[in-house]
Amino acid sequence: MSNPLVAFTLIKRLHSEWMNVVYSNEALENTQAFRSSYKEEEEDLPKLEDLQGAAKGLMRLQDVYALQVASLVRGRFQRVTDGEPSDIYLPVVSVPLSGDDCFLVGKVAYEQEDYYHSVQWLEESVRLFRGRGGEWSPENEGTLEDALDHLAFSHFKTGNVSYALSLSQELLHYDPLNVRVLKNVEKYEKLLVSSPPKSLRGGGLKRPSSTYLRTRNTYERLCQSHGSQQPAHSDNPRLFCDNFTNDDPRLLLLPVRREVLSLHPYVVLYHDFITDTEAQEIKALAQQGLRRSVVATGEKQATAEYRISKSAWLKGSEQSTVGRLDQKISTLTGLNVKHPYGEYLQVVNYGIGGHYEPHFDHATSPSSPVFQLKTGNRVATFMIYLSSVEAGGTTAFIYANFSVPVIEKAALFWWNLHRNGQGDEDTLHAGCPVLIGDKWVANKWIHEYGQEFQHRCSLNPEE
């Protein structure tokens, strides 16, 4: 399911809307049959974590690709360019969101005290609920009153006290005896008397700065380029394309199309590295073992918001598809990729807004789990694109200032370490959020040990 809006609404329908209908008063006539059927299917349905993750994914896409919330709600993917909304992707079928859909996204942001996003999504929720005259459906989780309540407090937290007061007063029309809202109205009125509205509004809604992602602006700019910002071969004659054999007799009759994308860091794209059949087999093998991806945190590994994907590790005999891929990687790179000199093949699937923010593949701390194999650091990365996507999902090299689009069946190779064993900071890279599509990649990380004769150290200690 490539469209994130379709995926979000389906997850929401299967998780909460169906449950709301089953346990509503409207279902009383068929209560027993309805609820027993629901119980039978419940284990296979999306969980609350899936629904919240889908909502966060939409907000991530909103931020990274500078999408207008009002356009997303109409089923369009637009951002403002030169003062005018422009489509960055035009879906074949537009799937609009409901007031309840928007309420859920806004509520997820609200519960994280992320009022920058909650204001925008709850504004749309209130607008849509008002348009239906506050009409409620059994599958809905929220109501106009709920949306007004959350939006009023969100505006208060962003400094817009006068609008918070106006929304609270509107809410009292529907619930005039709500003690909490009555107290809020009293508080807001006192604040407006004691301080002029301008000083409380704080200059409008602003996106919070990132405390952990210092390269956010560059990262998002490269993601928005959708892979179009690559070093031009005409600008640097040392960049080239060729039919590559690596002086290996196995490649003489069927060389691989090689495209050198960057020299510093050294990044190469190998076209048509994998066949359709091999890609399908790898995805099928990984499907059962997919789990939420983790990152290194000191000596341990844990899930993190800056890496949203599912992954599985595959190992196989020399005759298996995995084993044949290892042989092809070794032939192309000249490196020893057998375990433990190369890690097992990691297969990764990126769902709604799936991404991996700027990071290094090599370990930057001596306590990193990367060293558990006792074969040194990750000297190189070989990443295979197992699928295509319609938009987003590019690989962005932050300090090198270029991005590479997802090219199905191609493989990307780069050195993570200098020849002296030090990490190459120019390899800081990111997997941009998938905007439209289902992105699958396979990673092969190759370690220092075992490469002594294939990738020799330089006589220059600074190199």
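Treat the numbers as computed from the prediction; the structure is a model and nothing was measured.

Draft legend 1. Looking closely at the sheet that holds strand E15 (residues 395–397). Taken together, the 5 strands give an open sheet; going across it, the order is E9-E12-E18-E15-E16, and neighbouring strands pair in antiparallel fashion. The sheet is open, and its two borders are formed by strand E9 (307–308) and strand E16 (402–404), each paired with just one other strand. Across 2 bridges, E9 lies against strand E12 (residues 355–359) in antiparallel orientation. Pairing of arginine 307 across the sheet is with tyrosine 356, part of E12. Strands in contact with helix H11 (residues 216–224) are E12, E15, E16 and strand E18 (429–431); relative to E12, the strand with the most contacts, it is inclined by about 130 degrees.

Draft legend 2. Spotlight on empty space enclosed by the protein. This structure, assessed with the given rule, holds 2 cavities of 30 Å³ or more. Computed from the structure, the largest cavity encloses a volume of approximately 140 Å³. Looking at the largest cavity, it is lined by 14 residues, and the ones nearest its centre are Tyr350, Tyr356, His359, Met383 and His429. Only E12, E18 and strand E20 (439–447) provide two or more residues apiece to the lining of the largest cavity. In terms of residue class, the lining of the largest cavity is built from 6 nonpolar, 5 polar and 3 charged.

Draft legend 3. Quick peek at the state of the cysteines. Under the definition given, this model contains 1 disulfide. The disulfide bridge from cysteine 223 ends at cysteine 432, spanning 2.0 Å between sulfur atoms. An S-S torsion of about -85 degrees defines the bridge between cysteine 223 and cysteine 432 as left-handed. In this pair, cysteine 223 sits in helix H11 while cysteine 432 sits in the loop between E18 and strand E19 (434–437), placing the two residues 209 residues apart along the sequence. Comparing cysteine 223 with cysteine 432 shows no difference in burial state: the two are buried.

Draft legend 4. Representation of the pattern of salt bridges within the structure. One pass over the structure, following the stated rule, counts 17 salt bridges. With its nearest N and O atoms 3.0 Å apart, the salt bridge here joins aspartate 101 to lysine 12. With aspartate 101 in helix H5 (residues 99–111) and lysine 12 in helix H1 (residues 4–22), this pair connects stretches of sequence that are 89 residues apart. Classification of aspartate 101 by relative accessible area gives buried; the value is 5%. Residue lysine 12 is classed as buried on the basis of its relative accessible area of 0%. Among the salt bridges present, the one from aspartate 87 reaches arginine 76, with a minimum N-O distance of 2.8 Å. In this pair, aspartate 87 is assigned in strand E2 (residues 84–89) and arginine 76 in the loop between helix H4 (69–73) and strand E1 (77–81), connecting sequence segments 11 residues apart. The network of salt bridges with shared partners includes Lys12, Asp100 and Asp101.

Quick notes on the rules
- Residues numbered from 1 in each chain as written.
- Predicted model: local features only at pLDDT ≥ 70, side-chain atom pairs only at ≥ 80, totals over all residues.
- Heavy atoms only, no water.
- Pairing = 2+ DSSP bridges.
- Helix = DSSP H or I, 4+ residues; strand = E, 2+ residues; numbered from the N terminus.
- Contact = heavy atoms within 4.5 Å.
- Axes fitted to C-alpha atoms, helices over the stretch in contact; angles between N-to-C directions.
- 1 Å grid on protein atoms, 1.4 Å probe; cavity = no way out; pocket = protein on both sides within 12 Å on 5 of 7 lines; lining within 4 Å.
- Points joined across faces, edges and corners; volume = space filled by probe spheres on them.
- Nonpolar A, V, L, I, M, F, W, Y, C, P; charged D, E, K, R; others polar.
- Disulfide = S-S within 2.5 Å.
- Buried < 20%, exposed > 50% of the residue type's maximum accessible area, 1.4 Å probe, protein only.
- Salt bridge = Lys/Arg side-chain N within 4 Å of Asp/Glu carboxyl O.

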